[in-house]
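# Overview (structure and organization)
Here are the chains, one letter per residue:
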Amino acid sequence: MGKYVTGKFTCGHTGDIYINGWNAKELREYAQERFHTEVCPCCKKNEKYEAAVRHAQALKLPDLVNDDEETRVNGTIIREKLIATFIHEAKPFYRKVREAYSYNGDALAATCWPFCYATLSRYFNLGMTLPEIEAVFLEVLHRYVDAGYWIKMSRMVNANSFWTWLYNFCADKAAEEYVPESVKEEEEEKTIELLVRPEDIEKDGSVVIVSIRDGRGIGFKYEYDNDFISVMKTNDCKWSTEERIWYLPINERNGSFDDRAADIGSKLLKKGFAVEFTDAGQIAMIESGEWNPKQKRWVGASPDGKYLRITLGERNDNLYESAKSITGAKWEDGYIRILVKHYRQVEDFASSLEFKFDQAAQNAIAKQREKEDAIPVAKVKGKVTKTITVKEALEQKKYKKNDAIIEDLKDD
Ligand SMILES: [Zn+2]
């Protein structure tokens, strides 16, 4: 139950105030009070806008631009709101980040609403100080000058979503500025024997190949560079936030450390990077052009060994159709599943299309073969010339066995 009361605001403009409730007299007084102390909504917005512009000028931020006047005004007000969010929340937020070091996660998660634990832990993985985070925010404020961008950010007024949004910029910055220890020390102690450069060197410094995770991973260290990152991505390498390194796990499917070092190292050389290897043998492999390319087509097995799993390793309709033509083949998430008893068909498929069986698949097939070997073999005669009873057939078999034993004894 509400209604509009019309009146004149302090700015001199006439407008409506919406009042809600039952006591008409009190509400009218309340409305009159507001008419005497407030400017109209339009002037209020202009005041906010002007304050936002003044604040932006004080911070030396660029004025927002947009062809649409309304968008420009609203975008500026929203940007100002986010600056206020940062100013009011940054210190308590950063205190929570620091606390996150010393508390266990669950206890912290319970106390740190609205800064959820996931957001905090991501921040402390970055290891940035508050002034560094502030610098990133300022950079973002300078980068986005289209008011339309900030209009879209109106949902960021929630503190947690604001920090999640800012995190992505901080993470980019951290990756950009991160210089691996080995690159820092490069000047002093470069192991020249393991360092090679391409004929046309285009990039500064060198990519350093390292062994990580006790040899179960190959890592590539270099400063932030788009060409470097694109080589990493096209070779299935991933960025490890904890280790701060691009890496590829070394396992059965990815092949040996040396093969991958030669393989990815040669691609980096082609892109104009100097590369430091971990072993002279890898350089020899590159010079002779001989290393095992990464096997992408695989046959694996389900953990219980009941099914074989064909991984195509690429989007290829022909491969898919061939795999699907195997008896009972079924597409599951990322692979084609076949009962292990059809392994003969899978073997034919694999040998004609250069698929490899991983250890799990080999084990599953060996087990299936054992099962089949345990089944007695029936020697089928070419032609049935007379009918005999089951009893007669068994007696004949027993007789032949005895014969065989007698033959064996004769040999001794
Ligand atoms: Zn007004």
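Before going into details, it helps to say that this report is about the structure given with it. (Residues numbered from 1 in each chain as written. Predicted model: local features only at pLDDT ≥ 70, side-chain atom pairs only at ≥ 80, totals over all residues.)

## Things to note about the overall build of the chain
Note the following rule: To qualify as a helix, a DSSP run of H or I must reach at least 4 residues; to qualify as a strand, a run of E must reach at least 2; elements of each kind are numbered from the N terminus. Exposed residues have 12 or fewer other C-beta atoms within 10 Å of their own C-beta, buried residues have 20 or more, and residues in between are partly exposed; the C-beta atoms are placed from the backbone. Note that contacts rest on C-beta atoms placed from the backbone: two residues are in contact if these are within 7 Å.
Along the chain, the regular secondary structure elements total 16 helices and 13 strands. Among the 412 residues that make up the chain, the fraction classed as buried is 22%. The long-range share in the chain, meaning contacts at least 24 apart out of those at least 6 apart in sequence, stands at 63%.

## Re the sheet that holds strand S10 (residues 307-311)
How we decide: Pairs of strands are assigned from DSSP output, requiring at least two bridges between the strands.
Spatially, five strands are ordered S11-S12-S10-S9-S13 in an open sheet, and the strand pairing comes out mixed. Looking along the sheet, the strands with just one partner apiece sit at the ends: strand S11 (330-332) and strand S13 (356-357). With two bridges joining them, strand S9 (residues 298-301) and S13 adopt parallel strand pairing. Bridging across to S13, Trp298 finds its partner in Lys356.

## Points about unusual backbone geometry
Within the chain, Lys60 stands out as a residue other than glycine whose phi angle is a positive 60°. Relative to the elements of secondary structure, Lys60 occurs in the loop between helix H2 (41-58) and helix H3 (69-102). In this structure Lys60 comes out as exposed when scored by C-beta crowding, with 9 C-beta atoms within 10 Å. We note that Asp236 has phi near 65°; this positive angle belongs to a residue other than glycine. Tracing the chain through its elements places Asp236 in the loop between helix H10 (226-234) and strand S6 (238-240). We classify Asp236 as partly exposed; it has 13 C-beta atoms within 10 Å.

## Considering the pairing of strand S7 (residues 245-249)
In terms of burial, S7 is largely enclosed, as four of its five residues are buried. Here strand S5 (residues 217-221) pairs with S7 via four bridges, running antiparallel. Bridge assignment links Phe220 to a residue of S7, and that residue is Trp246. Here three bridges tie S6 to S7, and the two strands are oriented antiparallel to one another. Opposite Trp239, over in S7, you have Trp246 as the bridge partner. Hairpin remark: S6 followed by S7, antiparallel, with four residues in the connecting loop; positive phi at Arg244, about 55°.

## Description of helix H5 (residues 117-126)
Rules: Arc definition: it is the arc formed by the directions from the helix axis to the C-beta atoms.
Those residues of H5 lying buried are Thr119, Leu120, Tyr123 and Leu126. Taken down its axis, H5 places every buried residue within 115° of arc, on the same side. Directly after H5, the chain includes Gly127, whose backbone phi takes a positive value near 65°.

## Some remarks on the nonpolar core
Rules: Each nonpolar core consists of buried Ala, Val, Leu, Ile, Met, Phe, Trp, Tyr and Cys residues. Their C-beta atoms, within 7 Å, join them into a set.
Counting 23 residues, the largest nonpolar core has Val207, Ile209 and Phe220 as the members making the most contacts within it. Residues within four places of Phe220 in sequence aside, it is in contact with Val207, Ile209, Met232, Cys237 and Trp246.

## Looking at the sheet that holds strand S4 (residues 206-212)
To keep things clear, this is the line we draw: Fitted lines through C-alpha atoms serve as axes, helices being fitted only where they are in contact, and the angles separating the N-to-C directions of these axes extend from 0 to 180 degrees.
With mixed pairing, six strands are arranged side by side in an open sheet as S3-S8-S4-S5-S7-S6. Two strands in the sheet have a free side with no partner beyond their single neighbour: strand S3 (195-196) and S6. Packed onto the sheet, helix H11 (residues 257-270) meets S3, S4, S5, S7 and strand S8 (274-276) and runs at close to 165° relative to S4.

## What about the pairing of S4?
Pairing of S4 with S8 involves three bridges; the strand directions are parallel. If you follow Ser206 over to S8, its bridge partner there is Ala274. Pairing between S4 and S5: five bridges, direction antiparallel. Paired with Ile212 across the bridge in S5 is Gly217. Two successive antiparallel strands, S4 and S5, enclose a turn made up of four residues, where Arg213 displays a positive phi of approximately 50°.

## Notes on H2
Counted only if it meets this: How far a helix is expected to stretch is found by multiplying one less than its residue total by 1.5 Å.
Its 18 residues give H2 an end-to-end C-alpha distance of 26 Å, which sits within 8% of 26 Å, the value for a rise of 1.5 Å per residue. Note on H2: the residue one or two positions beyond its end, Lys60, has a positive phi of about 60°.

The analysis is restricted to geometry; functional conclusions fall outside its scope.
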